[in-house]
Amino acid sequence: MDNSVDPIVSIPRPDPAGSRTALDREERAVKDGILRMGSLVESQIRDAIRAVVERDPDLARAVIDGDARVNEAQREISDTVITAIATQQPVARDLRFLMALTHVASELERIGDHASGIAKQCRFLFEEAPLREIRDLVKIGNLAADQVRGVVTALIDIDDVLAREVAQRDDEIDHGYRRVFTEIIDLMRTDPRTVERGTRVILAAHWVERIGDRVTNVAEDVVFLATGKVEDLNP
């Protein structure tokens, strides 16, 4: 009778340090993707506003075509997050951070759609004389682009103070939008020939206003990550 005992097979245990390193690497990859996406979206906004103001159909087309790059960037970020969650099984803060980045990527993708919507108005404006009130559109458009840059920085640094400052500037965009709306409506009443152009400018200003709202959504994500509190930054 063989009384020998089979040797114990050594089962490798998870290496916490190795897992942490891998998770950090995945998080850095997602943050880098957010930075690139934020920069792309910011450029899309500025170019869309310039296309409308300068009545440049070629630049408008470039913005519209560029929306595909924004969409692809969002998909890449989502895929990276899904992979990180599946392979690294993050918990607590890490999981919240990755899920927040997914939501931010979604908001940036929608902002890219709004930039494309602005550019599309150029098709109806480039053969017409400019409206003097379009200057306010430039102001709020550039402010919206600045907000995107600021809120992405706040996210990467998890800086709730900066996030709040960015969100507060949404009031400036709202006021600017109402100013554009009122001035254009008054202009259309006095000169019916401006109705087509005026309507397009109002639509472009509306998309800028929506960008400000989505930036505020991202700022609220940053505040939650930093403090653990859910706050409405634009009541």
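Cut-offs and rules
Residues numbered from 1 in each chain as written. Predicted model: local features only at pLDDT ≥ 70, side-chain atom pairs only at ≥ 80, totals over all residues. Heavy atoms only, no water. Helix = DSSP H or I, 4+ residues; strand = E, 2+ residues; numbered from the N terminus. Rg over C-alpha atoms; globule rule 2.2 N^0.38 Å. Contact = heavy atoms within 4.5 Å. Areas by Shrake-Rupley, 256 points an atom, 1.4 Å probe, with all protein chains shown as cover. 1 Å grid on protein atoms, 1.4 Å probe; cavity = no way out; pocket = protein on both sides within 12 Å on 5 of 7 lines; lining within 4 Å. Points joined across faces, edges and corners; volume = space filled by probe spheres on them. Core = buried A, V, L, I, M, F, W, Y, C linked by side-chain atoms within 4.5 Å. Buried < 20%, exposed > 50% of the residue type's maximum accessible area, 1.4 Å probe, protein only. Salt bridge = Lys/Arg side-chain N within 4 Å of Asp/Glu carboxyl O. Nonpolar A, V, L, I, M, F, W, Y, C, P; charged D, E, K, R; others polar. pLDDT = per-residue confidence, 0-100.

**Observations regarding the overall build of the chain**
Secondary structure assignment for the chain yields 7 helices and 0 strands. At 24 Å, the chain has a C-alpha radius of gyration far larger than the 18 Å of a compact globule built from 235 residues. With respect to the three principal axes, the spread of C-alpha positions in the chain is 110 × 35 × 20 Å. Intrachain contacts of the chain at a sequence separation of at least 6 include 82% that bridge at least 24 residues. Looking at the chain as shown, the accessible area adds up to about 12600 Å², and 52% of this sits on carbon and sulfur atoms.

**What about empty space enclosed by the protein?**
Within this structure, the stated rule accounts for 2 cavities of 30 Å³ or more. A volume near 50 Å³ is recorded for the largest cavity. Taken together, Val52, Val53, Arg55, Leu125, Ala129, Pro130, Leu131, Ile134, Arg197 and Val201 make up the lining of the largest cavity. Elements supplying a minimum of two residues to the lining of the largest cavity: helix H1 (16-54) and helix H7 (195-227).

**Some details on the nonpolar core**
Counting residues in hydrophobic clusters, the biggest one holds 68 residues, and the most contacted among them are Ile34 and Leu137. Those residues in contact with isoleucine 34 that lie beyond four places of it in its chain are Ile77, Leu101, Val104, Ala105, Leu108, Val152, Leu155 and Ile156.

**Overview of the pattern of salt bridges**
Counted by the stated rule, this structure contains 19 salt bridges. Taking the shortest distance from any N to any O, the salt bridge between glutamate 42 and arginine 46 comes out at 3.1 Å. Pair noted here: glutamate 42 and arginine 46 are both in helix H1, with a separation of 4 residues, about one helical turn. Judged by relative accessible area, arginine 46 falls into the partly exposed class, the value being 25%. Where aspartate 47 meets arginine 50, a salt bridge forms, and the shortest distance between an N and an O atom there is 3.9 Å. Placement of the pair is aspartate 47 and arginine 50 together in helix H1, with a separation of 3 residues, close to one helical turn. A cluster of three or more residues bridged by salt bridges with shared partners is formed by Glu42, Arg46, Asp146 and Arg149.

**A short note on unusual backbone geometry**
Phi is positive for arginine 55, close to 55 degrees, though the residue is something other than glycine. On the secondary structure map, arginine 55 appears in the loop between H1 and helix H2 (57-88). Looking at arginine 55, the relative accessible area reads 27%, which means it is partly exposed. The phi dihedral of isoleucine 158 falls on the positive side, at around 50 degrees, and the residue is not glycine. Residue classification places isoleucine 158 among the partly exposed residues on the basis of a relative accessible area of 23%.

**Digging into the layout of surface pockets**
A volume near 170 Å³ is recorded for the largest pocket. As for the largest pocket, its lining consists of Ala29, Val30, Gly33, Arg36, Met37, Leu40, Arg69, Ala73, Glu76, Ile77 and Thr80. Going through the elements one at a time, H1 and H2 are the ones with two or more residues in the lining of the largest pocket. Partitioned by chemical class, the residues of the lining of the largest pocket number 6 nonpolar, 2 polar and 3 charged.

**Remarks on the environment of valine 195**
Among the structural elements, valine 195 can be located in helix H7. A relative accessible area of 37% places valine 195 in the partly exposed class. In this structure, the C-alpha to C-alpha distance between valine 195 and isoleucine 185, residues 10 residues apart in sequence, is 8.5 Å.

**What about the environment of tyrosine 177?**
Within the secondary structure, tyrosine 177 is located in helix H6 (residues 170-190). For tyrosine 177, a relative accessible area of 18% puts it in the buried group. Between the C-alpha atoms of tyrosine 177 and isoleucine 202, which are 25 residues apart in sequence, the distance is 8.2 Å. In this structure, tyrosine 177 is in contact with Ile140, Ile202, Ala205, His206 and Glu209, ignoring residues within four places of it in sequence.

**Regarding the confidence of the model for the chain**
Residue-level pLDDT values for the chain average 88, and 91% of them are 70 or greater. Per-residue pLDDT, averaged within each element of the chain, yields its smallest value for H1 (87) and its largest for helix H5 (residues 160-168) (96). Throughout residues 4-15 the model reports pLDDT below 50, and contacts reaching past four residues in sequence, or to other chains, amount to 0 contacts.

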